[in-house]
Amino acid sequence: MPPLDRRTVLLAGLASALGSGSARAAFPDRPIQLVVPFAPAGGTDIAARRLGETLARQLGQSVIIDNRPGANGIVAGQAVVKAPADGHTLLVATAASFAAAPALGQKLPYDVAYDFAPVGMLGLFPLVLNASPTLPVNSLAEFLTYARQRPGQLNFASAGIGGTNHLVFEMIMQAAGLKLAHVPYRGAGLAAADLMSGQVHVMIDSLAASLGSIQGGKVKALAVTTDARQPQLPDLPTLKEQGVNLIYPGWASIVAPAGIEPGTLHVLNTAINVAMADAELVARYRELVIEPVAWSPQETGTFMARDRAILTELVAKTGIKLAE
């Protein structure tokens, strides 16, 4: 008999979770609300909708996407933290709201470490270091040499102070011994436009947002920040391959209000991990430039806590402060 593939094993686990015991069999008994802290049509929103469609088929209940943008995720977080911890209300948690915000000392109406229970991952979002086409470098090694010879003379763009692309470039400077000036913008699109025109020199951006510009020659991609090369740009090395000891993907996870019953948590996590092996979802994620991840609640929580610790240490070293 041929060995069972991973999806078959996960499906068997989901069937067991749904059918073992009366309490577990009763969940879910109505539609599940998945709260997204962004407006519709963005990458995270689309990923949440694709995951919701797959979960609905597995769990036998609709998954309703509830978009609640505002206040760096606080509007969405408040909606979920006040909900019953019965597994029917979930939140998409992001690096910005669950790692960067507390690291930067943003006042939050809840404690991200204690008021929410990690359920599983929505996915990893590869980031890329891009250079302006006007910058006379064509590789990360050339850029590092060029920047080290001009401390403080070059700049890097970001979507705003304390954003992921700001903090990741600060980590690169720490790891590579660089000194560049920070030019914050009000949004990644504005920053990327000035990168293309040569108004700024380099920028960390999501691979999804910048892939077309890279392939069209509008920016020069120097490295991805993930632990492995990405299939969309297989010839582009990682930072670590090129001597910069840093691995940092963007990410989003699924969390529930704290106090969720272990059996319900198990059903949800198993369903999410089955979805991460679903061929249709994997193909859609590939189009969105998102990496599906099948982790346990414990692995998800450890990853989120480690990210908060990394960013907290970075903020302490650099003195980064949110604008008043």
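Details of the structure are given in the entry above.
Residues numbered from 1 in each chain as written. Predicted model: local features only at pLDDT ≥ 70, side-chain atom pairs only at ≥ 80, totals over all residues. Heavy atoms only, no water.

### Re the sheet that holds strand 7 (residues 181–184)
Pairing is mixed in the open sheet, where 5 strands are placed in the order 7-6-8-5-9. One side of each edge strand has no neighbouring strand; the edge strands of this open sheet are strand 7 and strand 9 (220–224). Across this sheet, the average inter-strand angle for adjacent strands is 30 degrees, counted without regard to direction. Of the pairings in the sheet, the one linking strand 5 (residues 127–131) to strand 9 comprises 4 bridges and is antiparallel in character. Looking at the pairing, Val128 lines up with Val224 of strand 9. (Pairing = 2+ DSSP bridges. Helix = DSSP H or I, 4+ residues; strand = E, 2+ residues; numbered from the N terminus. Axes fitted to C-alpha atoms, helices over the stretch in contact; angles between N-to-C directions.)

### Topic: the side chain of Asp66
Note on placement: Asp66 falls in strand 2 (residues 63–67). By relative accessible area, Asp66 is classed as buried at 16%. A distance of 2.5 Å separates polar atoms of two side chains, one belonging to Asp66 and the other to Gln33. Among the polar contacts listed, one links the side chain of Asp66 to the side chain of Arg68, at a separation of 2.9 Å. If sequence neighbours within four positions are ignored, Asp66 has contacts with Gln33, Leu34, Val35 and Val36. (Buried < 20%, exposed > 50% of the residue type's maximum accessible area, 1.4 Å probe, protein only. Polar contact = N/O pair within 3.5 Å; in protein donor to acceptor, adjacent residues only side chain to side chain. Contact = heavy atoms within 4.5 Å.)

### Focus: the sheet that holds strand 4 (residues 116–125)
Strands sit in the order 2-1-3-10-4 across an open sheet of 5 strands; the sheet is mixed. Each end of this open sheet is capped by a strand with a single partner; those strands are strand 2 and strand 4. Between one strand and the next, the sheet's axes are offset by a mean angle of 25 degrees, whatever the strand orientation. As judged from the 4 bridges shared by strand 3 (residues 89–94) and strand 10 (residues 250–257), these two strands associate in the antiparallel manner. Across the sheet, residue Leu91 finds its bridge partner in strand 10, namely Val255. The strands that helix 5 (residues 95–103) touches are strand 3, strand 4 and strand 10; relative to strand 3, the one it contacts most, it runs at about 60 degrees.

### Comments concerning helix 6 (residues 140–148)
Within helix 6, burial applies to Leu140, Phe143, Leu144, Tyr146 and Ala147. Projected onto a plane normal to the axis of helix 6, the buried residues spread over an arc of 165 degrees and lie on a single side. Those residues of helix 6 that are buried lie in contact with strand 5, helix 7 (164–176), strand 8 (202–206) and strand 9. (Arc of directions from axis to C-beta.)

### Overview of helix 10 (residues 262–275)
Look at helix 10: 20 Å from first C-alpha to last across 14 residues, which is about the 20 Å you get at 1.5 Å a residue. In terms of residue burial, helix 10 counts as a mostly covered element, since 12 of its 14 residues are buried. Residues of helix 10 that are buried: Gly263, Thr264, Leu265, Val267, Leu268, Asn269, Thr270, Ala271, Ile272, Asn273, Val274 and Ala275. Its side-chain oxygen at 2.9 Å from the backbone nitrogen of Gly263, Glu261 defines the N-terminal cap of helix 10. (Expected span 1.5 Å × (residues − 1).)

### Examining empty space enclosed by the protein
Evaluated as defined, the whole model comprises 1 cavity of 30 Å³ or more. Estimated volume of the largest cavity: approximately 30 Å³. Residue lining of the largest cavity: Asn130, Ala192, Leu195, Met196, Asp205, Ser210, Ser213 and Val219, and that is the complete set. Listed by contribution, the elements that provide at least two residues to the lining of the largest cavity are helix 8 (188–197) and helix 9 (207–215). Counting residues per element, the lining of the largest cavity draws most heavily on helix 8, at 3 residues. Among the residues making up the lining of the largest cavity, the classes are represented as 4 nonpolar, 3 polar and 1 charged. (1 Å grid on protein atoms, 1.4 Å probe; cavity = no way out; pocket = protein on both sides within 12 Å on 5 of 7 lines; lining within 4 Å. Points joined across faces, edges and corners; volume = space filled by probe spheres on them. Nonpolar A, V, L, I, M, F, W, Y, C, P; charged D, E, K, R; others polar.)

Treat this as a map of the structure, not an account of what it does.
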